[in-house]
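# A closer look at the structure
Spelled out, the chains give:
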Amino acid sequence: MKTMNRRKFLKGSLLGGAAASVINKSKNADASASFGGYPDAMGVLVDLTRCVGCRSCEAACNKEQGLPAPAQSFDDLSVLDHERRTSEGAYTVVNRYEIPGQDHPLFRKIQCNHCNEPACLTSCFVNAYTKTPEGAVIYDPTVCVGCRTCMVACPFYIPAYSYSSVLNPVIKKCIFCYDTRLKFGRPPACVESCPREALTFGKRKDLIKTGNQRIKNHPDLYEDHIYGENEVGGTSWMYLSSAPFDQVGFDTDLGTQPILSYVKEFLTVVPMVLTIWPALFAGFHLLATRKDKQKKEEKSEI
Amino acid sequence: MNTLIANGKVPLAKHYNEDRSVEWSVKDKLLLGLSLSEYIAQAFRNPLNWLFAVIFTVGGYVTITRFLFGLGYVTHSSYDYPWGLFLGFGLFVMVPLSASGFMLGTTVEVFGRDDFKPIERLALLNGLLGYLFAVVFLQVDLGQPWRLVYPMFVSLGPAAVLFLVAWHVATYLSVQVAELVPAFAEWMGMPKLKTFIKSMILGLTIAGIILSTLHQGALGALFTYAPGKVHPLWYSAPFQWFHFFCSSIFAGLSMLIVVSTICKKTMAWRCDKNFLTNLDRLTIGLAKGATLALITYLVIKIIAVAHDGDWGYLASGWGQWYMLEMVAGVILPMILFTISIRNNLPGLARFAALIAVLGIALNRLNTALITFNWKLYQEIPHWREVVICITIYSLFIVTYRFILYRLPILYSWKKDEDAAS
């Protein structure tokens, strides 16, 4: 009787162990705790004080990425009357912001900021995203399942989804012109098209120096902050502004921690549950059924 | 069915007829021992079936259009709200309400509380079907559902929380199927299969606890990816997984009380005496467990507000919404449960369970949809999205009923006595 029970118990715990080893794969997420970005990553510094909202960058992006023609042409500046976001047909858009106390509006170009430690990448369960040493966050649409967790995870609301497609809907976002330009050391199409040099392409660490220099030279013009230097762990695209950043549509509550650091609290729980639970609950079982067993043994002795 | 029983029909619950002369075939078992015409006649008499017929005609059509014209046709194709009702309701509400399987598995198999046996199988079935239909909802929502196995075999992203959810739900589904095999084996008359599963039931149950702890928690942890998007009162990086796990405990137990009540009211003919006479006692027992989970949940929710320093938000409109959720969805059922336990009022416990179920649904919808993007606009789901949700949930109910009518879930199979005689 006793041996039978023990054998049953061993079989049971073996199975629990086997199940645990299958799932064990899900816990090696802590390697990137203080990853500050690739040393030679490229970036772009966007100077809001120089942008006039001409939408040349939007047109250049549309052409370079082979996106569908827009409903309103790129010369039509009336689209600026409403705040827009990136979509499956537009990987970058320019928005206009009226600044209280300033006689002219500011324009902000948005696109993927190419984070040093991208939330989209860390949230993707098919590992579709890659942060390249050149600084671009690219993705492989052939493995995209369409769970859209990256859209939930992105703090900048950038990834869009081709909802209209029936057979092959995938994530759509700016890839820093990686395939056609960045890979060969060339700046992305939008930067090249800018007539006002509002966009500066260069090594990220040099751009931070450039930005600080501009702030130092014109302290009365610029806000003393480079948006993207430290936000959510730092981004490859960074911004200078003459108005407080929250007045030009930036989220200033994002903090400097990469999004992954908020998820780690749970990820550390995973291996503990996997290793402690089997023994703990098997122990509970032995304790809870101890008296029944004793009773049975007493009976069999009689 | 009640009319038929009044006319002397006995719902099928064993392998042989009264005088052991005829062995029931699978067809007889499927038709509950009725003839085909009798079976169809009783199905037509049930007004609920007519309602389902309407839902499946309209909803079935809308569901097909989702696959013909894409997600853009049935949803608002929102980039800001990538997850709508399919996940907000189908995944985030269905899964905690299905925690009953591992709760009762633990109670009976691990803690040795054999007095809960009459309701164990119902709990397991509630778990299995809840998960199964959560996956159905997921398949409707995924852009490319045929790539569902990609995270398993094609391209693995093991550091992602959703990877863990995918693996755990898949593994746990198979564990739950295995846990219900004994019921199926009895029905089909395959005793060896039952013995085989029984031999590893403890391992299965413990695997179920591990998987449930982690994926219930992981569903909460999915929202830790969106610190700026979920309202701070519904968001807590260190506690989110525990909030979701802990609330799934009373959600699962309360759902079990609700489901068992529906079974008792609508299909008493299928329940055996063991189930019916024990149900009041078991309801109070489940209420005790739910109350313990509720108080734990309440405390840890308050600790999270204190830890994250969110007191200031309580005074805002969102804060009042939060307090309403806590008072109506947590504190009220907790008090009602307590009164019902002290005064032995199973009816009150059932009412409290219903409130707790609605409370947990509100909590999940708040986290996934209502307070999500609280700094932006509010998204109202497309009507086609609502119709598809109702359709799939109806399919869930019909499947649930189909199995309850047949497999020995609410009653015990009379094979053993027969074999002895």
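This section reports on the structure supplied with the text. (Residues numbered from 1 in each chain as written. Chains lettered and ligands numbered in written order. Predicted model: local features only at pLDDT ≥ 70, side-chain atom pairs only at ≥ 80, totals over all residues.)

### Considering unusual backbone geometry
Residues and elements named next belong to chain A. Positive phi values are uncommon outside glycine, yet R148 reaches one of about 65°. If you trace the backbone, R148 turns up in the loop between β5 (137-139) and α4 (149-153). In this structure R148 comes out as buried when scored by C-beta crowding, with 26 C-beta atoms within 10 Å. We note that V232 has phi near 35°; this positive angle belongs to a residue other than glycine. Assignment of secondary structure puts V232 in the loop between α6 (204-217) and β9 (237-240). Under the C-beta neighbour-count criterion, V232 is labelled buried, with 26 such atoms within 10 Å. (Helix = DSSP H or I, 4+ residues; strand = E, 2+ residues; numbered from the N terminus. Buried ≥ 20, exposed ≤ 12 C-beta atoms within 10 Å, placed from the backbone.)

### So, the sheet that holds β9(A)
Residues and elements named next belong to chain A. Spatial strand order, β8-β1-β9: three strands in an open sheet with mixed pairing. Of all strands in the sheet, those with a lone pairing partner are β8 (199-203) and β9, marking the two edges. Strand after strand, the sheet turns through a mean of 25° between neighbouring axes, direction not considered. Sheet analysis places strand β1 (residues 42-47) next to β9, joined by four bridges and oriented parallel. For L45, the partnering residue across the bridge sits in β9 and is M238. (Pairing = 2+ DSSP bridges. Axes fitted to C-alpha atoms, helices over the stretch in contact; angles between N-to-C directions.)

### Some words on the interface of chain B and chain A
Listed as interface residues are 58 residues of chain B and, on the opposing side, 65 residues of chain A. Contributions of two or more residues to the side of chain B that touches chain A are made by α4 (47-69), α5 (71-74), α10 (150-154), α11 (161-188) and α13 (201-221) of chain B. Looking at the side of chain B that touches chain A element by element, the count peaks at 12 residues for α13(B). Taken together, the residues that form the side of chain B that touches chain A break down as 40 nonpolar, 16 polar and two charged. (Contact = placed C-beta atoms within 7 Å. Nonpolar A, V, L, I, M, F, W, Y, C, P; charged D, E, K, R; others polar.)

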